Amino acid sequence: IEDGTNGWVLEDPDDAEAIVKRVLQLAADEPLRQRMGAAARATAEKYTWDHHFSRMLALYDEVAAAKKRQAVAR
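Below you will find a few notes about this structure. (Residues numbered from 1 in each chain as written. Predicted model: local features only at pLDDT ≥ 70, side-chain atom pairs only at ≥ 80, totals over all residues. Heavy atoms only, no water.)

## A few points about the overall build of the protein
Move 1: From N to C terminus, the protein includes three helices and zero strands.
Move 2: Reading the protein from its N end, one meets helices and strands in the order α-α-α.
Move 3: Whereas a compact globule of 74 residues would reach a radius of gyration of roughly 11 Å, the protein reaches 21 Å, over 25% beyond that.
Move 4: Residues classed as buried in the protein amount to 9% of the 74 residues present.
Move 5: In the protein, 37% of the contacts between residues at least 6 apart in sequence involve partners at least 24 apart. (Helix = DSSP H or I, 4+ residues; strand = E, 2+ residues; numbered from the N terminus. Rg over C-alpha atoms; globule rule 2.2 N^0.38 Å. Buried < 20%, exposed > 50% of the residue type's maximum accessible area, 1.4 Å probe, protein only. Contact = heavy atoms within 4.5 Å.)

## As for helix α1 (residues 16-28)
Residue pairs spaced three or four apart in an α-helix point in one direction, given the helix's 3.6 residues per turn.
Move 1: Taking 1.5 Å of rise per residue, the 13 residues of α1 would be expected to cover 18 Å, and the 18 Å separating its terminal C-alpha atoms lies within 8% of that figure.
Move 2: A side-chain oxygen of the first residue of α1 lies 3.2 Å from the backbone nitrogen of Glu 17; this N-cap is Asp 15. (Expected span 1.5 Å × (residues − 1). Polar contact = N/O pair within 3.5 Å; in protein donor to acceptor, adjacent residues only side chain to side chain.)

All we've got here are geometric facts, nothing functional implied.
Here you go:
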């Protein structure tokens, strides 16, 4: 979580007043809700299986291409 970007980090998660303050802030500020919501969704998408699988395939392709270049160079 990036404090203020895609969520808030509270020093004390048991501080009910701080939680209420942030909830009320979101309730009163539509642009902030939209901005933080979009940022939170973008962050969450980085942790999906599809995202990791795509990155893993790209890495395998990169390694295979490097091995092929090495074999050709010999």
